[in-house]
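Listed here are the chains, written in short residue letters.
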Amino acid sequence: MVGFVVRLLFLMSLFCGGLSCYKCFIDPGDSVRLCWGHILSEHNIRNIDACFKTLDRIFNNNPNVIMAGKVGRGYDTVLKEIMRSEIMHIVEEFDHHLNNDTVYEVRLKAAADTFITMASGLPRASGCFPPCGFQAHGTVYNCMTCQYDSCEFPLDCPLQEITVEENNRNQMWCHVPFVLPSDIQIVWRYAEIKTMLIDRFKEVTAGTDKLFSIPSARLEHTGTYQCEIFSRERSLVRIYYHLTVVANEEVGHAELQDVFDQALLPAGQFRVLPTLPPFSLLRLPSDVLLTVSLTSLILLLFITIGVLYWWPSKKMDRETEQEQERHRYRFQFA
Ligand SMILES: *[C@@H]1O[C@H](CO)[C@@H](O)[C@H](O)[C@H]1NC(C)=O
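Bear in mind that the values here come from a model prediction, so they are computed numbers and not experimental data.

Caption draft 1: Expanded view of the overall build of the protein chain. Within the protein chain, the regular secondary structure consists of 9 helices and 12 strands. Counting only residues that meet the buried cut, the protein chain has 19% of its 334 residues in that class. By sequence separation, contacts in the protein chain at least 24 residues apart represent 69% of the contacts at least 6 residues apart.

And the structure:
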């Protein structure tokens, strides 16, 4: 009867107070067994309620224990093993034995410290990557709720705009920044209009292909492409691309304009197009130019030779003339 009342009181305290790493993994019955022989040294009386208060202080309201419990997806089982291995052997040892509060304090404190050290070494969540998708690995275990906190993003990612010129290649990737399970299935869907409404899409492919490639875009490829990733029939994320294919009219129009301009010129006249780039002047000259240049060069050579012969003979002539003149003067003076 007493045991039943104690149990009831404990369960009431469980519902009144919040949850914790301790409460997530230890049965209330085991807690009652743990606290049964708790002696208050000051009054030398057995008091279970004081034991629960000690548990609250050391485990339930200890921010270090709560922090240590924030493990990544799947590691709550390891967290449970650590907690149980620390607490259960104290439970077995203290069951139906009297121990004073100092002993409780020391043993529970040691258990809490070991839990903090071991749980802190467990893998943490990779974090949440906004803005979309169900991110299982990003979820963190929460000892205050005994559950994994969700990243809480919608499955639908915002629509991304892509523009591609006609006849060009276009690639769309079904990439997400978070870790995906290994057993994923990818479905690509298409809608002719710009939309994110599920019922407007028609399935195009289903498999494991993350890439949707259009080798040569045509105008009729314009529309919305949706990629949905599943794992075990569960939708994880939906990515949207709105593709606009533009006709390469701009290029065609420019060519046509050129033809018109040529046709509009007066008869017999052609527009001189700068077909050769300026550096073409460095190219070898034409045959005519080469012949003319060579002839000029030979002519110049002949003239030079002629001048060289003529100049010294002329000089000599003049000198003999001067010599004769001097003689003439000499004769006159003599
Ligand atoms: C508590 O119990 C331990 C071990 O039985 C003993 O050594 C200690 O003196 C006790 N403390 C008090 C305050 O009674």
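What follows continues from the structure just given.
Caption draft 2: Region of the structure containing the packing of helix 3 (residues 28-35) against helix 6 (residues 76-94). Contact geometry for helix 3 and helix 6: axes closest at 8 Å, N-to-C directions at 50 degrees. Viewed along their axes, helix 3 and helix 6 adopt a mutual orientation that is oblique. The two elements helix 3 and helix 6 meet at a crossing, and its hand is left-handed. Across the interface between the two elements, D30, R33 and L34 of helix 3 pack against I90, V91 and F94 of helix 6. Taken together, the residues of the contact of helix 3 with helix 6 break down into 4 nonpolar, no polar and 2 charged.

Caption draft 3: Helix 6, seen in detail. Taking 1.5 Å per residue, 19 residues should reach 27 Å; helix 6 reaches 27 Å between its end C-alpha atoms and fits that length. At R84, helix 6 is deflected by roughly 25 degrees, the largest bend along its length. Buried within helix 6 we find D76, L79, I82, M83, E86, I87 and F94. In the core, the buried residues of helix 6 are packed alongside helix 2 (21-25), helix 3, strand 3 (99-100), helix 7 (101-120) and strand 4 (140-142). Downstream of helix 6 by a residue or two, H96 has a phi angle that is positive, lying close to 60 degrees.

Caption draft 4: Examining the sheet that holds strand 1 (residues 38-40) more closely. Pairing within the open sheet is mixed, and its 3 strands lie in the order 2-1-3. Edge positions in the sheet fall to strand 2 (45-46) and strand 3, since each of these pairs with one other strand and no more. Two elements, strand 1 and strand 3, share 2 bridges in a ladder whose sense is parallel. Residue pairing in the sheet places I39 in a bridge with N100 of strand 3.

Caption draft 5: View of the site of the ligand. Looking at the ligand, the residues that line it are S41, N100, T102 and V103. Class assignment of the residues belonging to the shell around the ligand gives a composition of 1 nonpolar, 3 polar and no charged.

Caption draft 6: Fine view of the packing of helix 6 against helix 7. Running from N to C, helix 6 and helix 7 cross one another at 165 degrees; their axes reach a closest spacing of 10 Å. With respect to each other, helix 6 and helix 7 are oriented roughly antiparallel. When the axes of helix 6 and helix 7 are compared, the crossing they make is right-handed. Of the residues in helix 7, those in contact with L79, I82, M83, E86, I87 and I90 of helix 6 are R107, A111, T114, F115, M118 and A119.

Caption draft 7: Summary view of unusual backbone geometry. Here the bond from P130 into P131 is cis, since omega is 10 degrees, no more than 30 degrees from zero. Of note, P131 is situated in the loop between helix 7 and strand 4. Its identity as a non-glycine residue notwithstanding, H96 has a phi of 60 degrees, on the positive side. In this structure, H96 sits in the loop between helix 6 and strand 3. Accessibility expressed as a C-beta count within 10 Å gives 7 for H96, which makes it exposed.

Caption draft 8: Representation of helix 7. In this model helix 7 runs 28 Å from its N-terminal to its C-terminal C-alpha over 20 residues, within 8% of the 28 Å that 1.5 Å per residue would give. Buried residues along helix 7 sit in contact with strand 1, helix 4 (48-60), helix 5 (63-68), helix 6 and strand 3.

Caption draft 9: Geometry of the sheet that holds strand 6 (residues 160-165). The sheet built from 5 strands is open, its strands ordered 6-12-11-8-9 with mixed pairing. Of all the strands in the sheet, the pair left with one neighbour each is strand 6 and strand 9 (202-207). The average undirected angle you get between the axes of adjacent strands in this sheet is 25 degrees. Relative to strand 12 (residues 234-246), strand 6 runs parallel, the two being bridged by 6 bridges. Directly across from E161, in strand 12, lies its bridge partner H242.

Caption draft 10: Quick look at the nonpolar core. Ranked by size, the top nonpolar core spans 28 residues in total, and within it C21, M83 and F115 carry the most contacts. In terms of residue count, helix 7 provides more of this core than any other element does, 6 residues in total. Residues in contact with F115, not counting those within four places in the same chain, are V65, A68, I82, M83 and E86. Ranked by size, the runner-up nonpolar core spans 15 residues in total, among them C174, W188, A217 and Y240.

Caption draft 11: Focus on the environment of G127. For G127, the location among the structural elements is in the loop between helix 7 and strand 4. Taking the number of C-beta atoms within 10 Å as the measure of exposure, G127 has 14 and is therefore partly exposed.

Caption draft 12: Just the environment of D183, in detail. Examined against the element boundaries, D183 turns out to sit in the loop between strand 7 (170-173) and strand 8 (184-191). For the pair D183 and T208, spaced 25 residues apart in the sequence, the C-alpha separation amounts to 9.1 Å. Apart from residues no more than four positions distant in its own chain, D183 is found in contact with S231 and R232.

Cut-offs and rules
- Residues numbered from 1 in each chain as written.
- Predicted model: local features only at pLDDT ≥ 70, side-chain atom pairs only at ≥ 80, totals over all residues.
- Helix = DSSP H or I, 4+ residues; strand = E, 2+ residues; numbered from the N terminus.
- Buried ≥ 20, exposed ≤ 12 C-beta atoms within 10 Å, placed from the backbone.
- Contact = placed C-beta atoms within 7 Å.
- Axes fitted to C-alpha atoms, helices over the stretch in contact; angles between N-to-C directions.
- Parallel < 35°, antiparallel > 145°, perpendicular 65-115°, else oblique.
- Left-handed = near helix turned anticlockwise from the far one by under 90°.
- Nonpolar A, V, L, I, M, F, W, Y, C, P; charged D, E, K, R; others polar.
- Expected span 1.5 Å × (residues − 1).
- Bend = angle between axes of the 7 residues up to and from the residue.
- Pairing = 2+ DSSP bridges.
- Near = placed C-beta within 6 Å.
- Core = buried A, V, L, I, M, F, W, Y, C linked by C-beta atoms within 7 Å.

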